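Examination of the molecular architecture
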Amino acid sequence: MKVSELAAKYSVGKITVSATGKRVLKQLACACCGFIAANGSVFGEYAPFGVSLAAALPFEFTLSSFLGSSIGYVFFYTGSSNFRYIAAMLAVIAIRWTLNDIKSINRHSFYNAVVCFVPTLATGIAIMGATGFERTQTFIYITEALLGAVAAYFFSRTVIIINGTKSLGMLLPVELACLVLCGCIGILSLSRINIGFVSVGRAAAVLAVLFAARYGGITGGTVVGICTGVVLGMTAEQYYFLGSAYTFGGLISGLFSPVGRIAQVGSMFVAAVALSFQSRDLGTVVIIMTELTVASAVFLILPKNTLNSLSAVFTSDTAAEHCQGLRRSIIMRLDFAAKALADISSDVEDVSEKLSKIVTPTIDGVYKNAVAATCSRCGMRVFCWEHRDGVSLSSFEELNETLKQNGSIEPKDFREDFRNKCCRQQEMANSVNRSYKSFLASEAAAKRIDEVRAVVAGQFCGLGDILGELADEYENYEIFDEKTSERIFLKLKELGLVPLSVSCHIDYLGRMSIEAEIRDGNRKQIKRALLLREMTKICGRSFDTPAVTAAFGRCRIAMSERAGFDVEIAASQHICGGGTLCGDSLKYFNDGTGRMTAILSDGMGTGGRAAVDGTMTVSIMSKLIKAGLGFDSSLKVVNSALLVKSEDESLATLDIACIDLYTGEAEFMKAGAALTFIKKDGDMYRVETPSLPLGILPEVGFSHTADTLKSGDIIVMVSDGAINDGEDWIEKIIFDWQEKSMQELSDLINDEACRRRCDGHDDDITVIAMRLKAA
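**Side note on the overall build of the protein**
- Summing up its helical and strand segments, the protein has 27 helices and 17 strands in all.
- The buried share of the protein, taken over its 775 residues, is 44%.
- At a minimum sequence separation of 6, the contacts of the protein that also span at least 24 residues come to 69%.

**What to know about the sheet that holds strand S15 (residues 703-708)**
- What the five strands build is an open sheet, ordered S9-S10-S11-S12-S15; its pairing is antiparallel. Here the strands that pair on one side only, and so sit at the sheet edges, are strand S9 (584-590) and S15. Each strand axis lies, on average, 10° off the axis of its neighbour in the sheet, ignoring direction.
- Taken together, the six bridges between strand S12 (residues 665-671) and S15 define a ladder with antiparallel strand orientation. When the bridges of S15 are listed, Ala666 appears paired with Asp707.
- The sheet strands contacting helix H25 (residues 631-644) are strand S10 (595-602), strand S11 (654-660), S12 and S15, and the helix crosses S11 at an angle near 155°.

**Description of unusual backbone geometry**
- Here the phi dihedral of Asp681 falls at roughly 55°; this positive angle occurs in a residue that is not glycine.
- On the secondary structure map, Asp681 appears in the loop between strand S13 (676-680) and strand S14 (683-687).
- When its relative accessible area of 47% is taken as the criterion, Asp681 is described as partly exposed.

**Describing the packing of aromatic side chains**
- Under the defined criterion, the tally for this structure stands at seven aromatic pairs.
- Their ring planes at 25° and their centres at 5.6 Å tell us that Phe110 and Tyr153 sit as a pair that is stacked. Taken together, the residues span a long stretch of sequence, with Phe110 in the loop between helix H7 (103-106) and helix H8 (111-131) and Tyr153 in helix H9 (residues 135-163) at a distance of 43 residues.
- Residues Phe211 and Phe299 carry aromatic rings whose centres are separated by 5.1 Å and whose planes lie at 75° to one another, so their mutual orientation is edge-to-face. One end of the pair, Phe211, is in helix H11 (residues 200-233); the other, Phe299, is in helix H14 (residues 282-301), with 88 residues separating them in the sequence.

**Observations regarding the state of the cysteines**
- Applying the stated rule across the entire model yields zero disulfides.
- There is no disulfide at Cys582, and the cysteine sulfur nearest it, in Cys576, is 8.9 Å away.

**Let's talk about a nonpolar patch on the surface**
- Residues Ile218, Leu251, Leu255, Phe256 and Val259 make up a contiguous nonpolar surface patch of about 440 Å² in total accessible area.
- The element best represented in the nonpolar patch is helix H12 (residues 242-256), accounting for three residues.
- Exposure remark for Leu255: the relative accessible area of 48% places this residue in the partly exposed category.

**Remarks on the pattern of salt bridges**
- Overall, the coordinates contain 18 salt bridges when judged by the stated rule.
- Three or more residues joined by partner-sharing salt bridges are found here, namely Lys491, Glu494, Glu534 and Lys537.

**Focus: the nonpolar core**
- Grouped together as the largest cluster of nonpolar side chains are 38 residues, with contacts concentrated most on Phe49, Val51, Tyr73, Met89 and Phe155.
- Counting residues per element, the ones that place at least two in this core are helix H3 (19-38), helix H4 (49-56), helix H5 (62-76), helix H6 (81-99), H8, H9 and helix H10 (173-190).
- Leave out the neighbours within four places in its chain, and Phe155 touches Phe49, Ser52, Leu53, Ala56, Cys182 and Ile185.
- Core analysis: the next-biggest nonpolar cluster, separate from the first, contains 24 residues, Val206, Phe211, Ala212 and Ile288 among them.

**A word on the packing of H11 against helix H13 (residues 261-276)**
- Where H11 contacts H13, the two axes come as close as 11 Å, and the packing angle between them is 130°. Our classification of the angle between H11 and H13 gives oblique. Like other packed secondary-structure pairs, H11 and H13 cross with a definite hand, here right-handed. Contact residues: Val206, Val209, Leu210, Ala213 and Arg214 in H11; Arg261, Gln264, Val265 and Met268 in H13.
- Looking at the contact of H11 with H13 residue by residue, the class counts come to six nonpolar, one polar and two charged.

**Some words on the sheet that holds strand S16 (residues 714-718)**
- Pairing is antiparallel in the open sheet, where five strands are placed in the order S8-S17-S16-S13-S14. The open sheet terminates on both sides in strands that have one partner only, identified here as strand S8 (565-574) and S14. For this sheet the average axis-to-axis angle between neighbouring strands, irrespective of direction, equals 15°.
- Strand direction decides the pairing type here: S13 and S16, joined by four bridges, are antiparallel. Note that in S16 the partner of Thr676 across the bridge is Met717.
- Against the sheet, helix H27 (residues 742-755) makes contact with S8, S16 and strand S17 (765-774), and its axis sits at roughly 25° relative to S8, the strand it touches most.

**Description of the side chain of Ser156**
- Position of Ser156 relative to the elements: it lies in helix H9.
- The exposure class of Ser156 is buried, given its relative accessible area of 8%.
- Every residue in contact with Ser156, bar those within four places of it in the chain, is listed here: Ala56 and Asn112.

**Notes on the environment of Ile187**
- Tracing the sequence through the fold places Ile187 in helix H10.
- Sequence separation between Ile187 and Gly40 is 147 residues; the distance between their C-alpha atoms is 8.2 Å.
- For Ile187, the contacting residues outside a window of four places in its chain are Gly201, Ala205, Thr228 and Leu232.

**Quick notes on the packing of H12 against H13**
- The interhelical angle for the contact between H12 and H13, taken along N-to-C directions, is 155°, at an axis separation of 8 Å. With respect to H13, the axis of H12 lies roughly antiparallel. Read as a crossing pair, H12 and H13 show a hand that is right-handed. The segment H12 lies against H13, with Ser244, Ala245, Tyr246, Phe248, Gly249, Gly250, Ile252, Ser253 and Phe256 engaging Ala263, Gln264, Ser267, Met268, Ala271, Ala272 and Leu275.

**Description of helix H23 (residues 528-539)**
- With twelve residues, H23 ought to run about 16 Å at 1.5 Å a step, and its terminal C-alpha atoms sit 16 Å apart, in line with that.
- Just beyond H23, the residue with positive phi is Gly540, at close to 70°.

**Notes on the side chain of Ser622**
- Relative to the assigned elements, Ser622 resides in helix H24 (residues 607-626).
- In this structure Ser622 comes out as buried when scored by relative accessible area, which is 2%.
- A distance of 3.0 Å separates the side chain of Ser622 from the backbone oxygen of Ser619, its partner in a polar contact.
- In contact with Ser622, not counting residues within four places along its chain, are Lys587, Phe589 and Ile599.

**Quick notes on H4**
- Where burial is concerned, most of H4 is hidden: eight out of the eight residues are buried.
- If you check which residues of H4 are buried, you get Phe49, Gly50, Val51, Ser52, Leu53, Ala54, Ala55 and Ala56.

**Details of the confidence of the model for the protein**
- Mean pLDDT over the protein stands at 79; residues scoring 70 or higher make up 79%.
- Per-residue pLDDT, averaged within each element of the protein, yields its smallest value for helix H1 (residues 3-9) (40) and its largest for S16 (94).
- Low confidence marks residues 1-17, where pLDDT is under 50. Its contacts with residues over four positions away, or in another chain, come to nine contacts.
- The model gives residues 316-322 a pLDDT under 50, and that stretch makes five contacts with residues more than four places away or in other chains.

**Details of the pairing of S14**
- Sheet analysis places S13 next to S14, joined by five bridges and oriented antiparallel. Bridge pairing in S14 places Ile678 opposite Tyr685.
- Connecting S13 to the next strand, S14, in antiparallel fashion are two residues, including Asp681 with a positive phi near 55°.

Cut-offs used in this document
Residues numbered from 1 in each chain as written. Predicted model: local features only at pLDDT ≥ 70, side-chain atom pairs only at ≥ 80, totals over all residues. Heavy atoms only, no water. Helix = DSSP H or I, 4+ residues; strand = E, 2+ residues; numbered from the N terminus. Buried < 20%, exposed > 50% of the residue type's maximum accessible area, 1.4 Å probe, protein only. Contact = heavy atoms within 4.5 Å. Pairing = 2+ DSSP bridges. Axes fitted to C-alpha atoms, helices over the stretch in contact; angles between N-to-C directions. Phe/Tyr/Trp six-rings, centres within 6.5 Å; stacked < 30°, edge-to-face > 60°. Disulfide = S-S within 2.5 Å. Patch = residues over 30% accessible without salt bridge, like charges linked within 9 Å, V, L, I, M, F, W, Y side chains within 5 Å. Areas by Shrake-Rupley, 256 points an atom, 1.4 Å probe, with all protein chains shown as cover. Salt bridge = Lys/Arg side-chain N within 4 Å of Asp/Glu carboxyl O. Core = buried A, V, L, I, M, F, W, Y, C linked by side-chain atoms within 4.5 Å. Parallel < 35°, antiparallel > 145°, perpendicular 65-115°, else oblique. Left-handed = near helix turned anticlockwise from the far one by under 90°. Nonpolar A, V, L, I, M, F, W, Y, C, P; charged D, E, K, R; others polar. Expected span 1.5 Å × (residues − 1). Polar contact = N/O pair within 3.5 Å; in protein donor to acceptor, adjacent residues only side chain to side chain. pLDDT = per-residue confidence, 0-100.

Encoded structure:
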């Protein structure tokens, strides 16, 4: 094998991609962390943090952390103390190995802390057993064991946070405290590593204070200054002043942070140096000045957007608190309006039903109108209608069938007793015919009015559903970040756009979303890559590609925080008879809220008419979903559009698959659509639920099915033209599919479906294939 081939095979890039390579890198990282943690000491000689790390990491990484910490203890310390901590780590490993299978114990919150505390204190007592017991030394060992236990607890919580999917802005205050404490222990460990006479740990602490002051202002600089100053002050007596120096320096730096980085660095330098004179040692003051200079230089050299994700941590909740009352008011009003519109819909139906009983035309009215028009001017009226042997309306009942069959009558169609008495038979027949035509017109109009009324009532109900969904959506928004919205507004103006409104909100899961409305004339100026980069800088979070939708002269931009999953999606189509218009229509897109949505509609028949219905269905549905409406309320709008589109009947199926890219939860919605195939964990499943297509009835609804998918699972949606020869062959293709692309899969199923058409009739065929994968 050539050297270049060997290098390509075993390059770092290849290792990180493979699962084995990732495990190796994690083991190396844990060993390095153990090496650094072993160097962290308090009161000059006590270093329990290597033991804490061995007790806190997942059991599979315990051995690597033990090796790294052991090397660190041997490298950094002399005498018996290093062997004492190595013995304590061996005891930790033994305890964890013994209790590893007892889940009720090792899942307890304080399990890691106790596992660290007992060996650390036991080895300290053993040392005193050899050198003699002293009260002061006993308290020191107990304090050391408690510090190690606390560190082990926070280490274990930090591991959980790191393995999670939350960004910094999503973390709770308790989780942030874990990260800060672990960072302080890291700085403490680095404080004993010197480059010349500059402490790496103390320089890192100054850098941390400067960044916190820049993004968090006075609060951020002061808090980080207190934490780092107190921790570093515990390293030796001569550095006790660092607590006050870093605290005051962080406060002043935060105060000057709006002025600029140079003012921020200068104020921090002056404040910290002034308080360093508390040490009464000129050499210490010089060291502190040098470390401040080095950290300040690094801070100024780094790009302005370095660590901009910290801005999400220090976002003020004041604006959110002020918005809560308005938020609750909006939710209540939307919810009430939704219920009121639903009541209006039911009221319209009730009134319509009652009115129909009063004013609906009947066949008896036809004869009454004809009699009134003909007999009112006849002198024989008294003889015909008022004589006891005269005629009555029952004499016309036999005309019902003739009118229904022929649409008109002639004088000979009257009953014999009526013909013997009436002298105006032709005139009466003409009157009946005219009245019957009016009756048919009124009946057709009433039927059309009923249809329109049903559509209007459905629109009221649909509008109520839309408002209800908006209320539920706002209920899930925990925070409306006005300050970030203002920064985004200004940035959009800098990019040459004309923003009309901007909203930045965070839902109850801590996920941030951005919605902005700009003039549609600026749509061509939107550069998605640039917009994505700028929003990431401003918000300190990673976002997915913006979704852009235009309507009524305006353009809506929606962005959501980057999810943990992505979707590989492709489609393939066959047009019936090799034509140019396909009765199947499809569209797939990320709706800007972290959901990948695929829509497939099959219009009735083939050709242009079917293409119009299918395209209209997909177009309206996709626009409504991108605009933020829910699936069920959007379905009612689409159904109403098909009902009133034209006098002719318009039918279309609707098949939707929506995947939440944060959780992997998939929802399948069908309205008269063909089945969907799912390959999950190596097994095949079908989504096949009974439902009606759109355009038939005023009331229509989806059949819903949900499932949770993982990386590597496959979804295949098809139109009914693909399953003419059954479905088993499609399942077999999907089941055997491995590493090839989704485009190849959809093309294969489409080609095979065309080949299997054996009924002599061609049809439109559409296949959409999706595979979930890690982002």
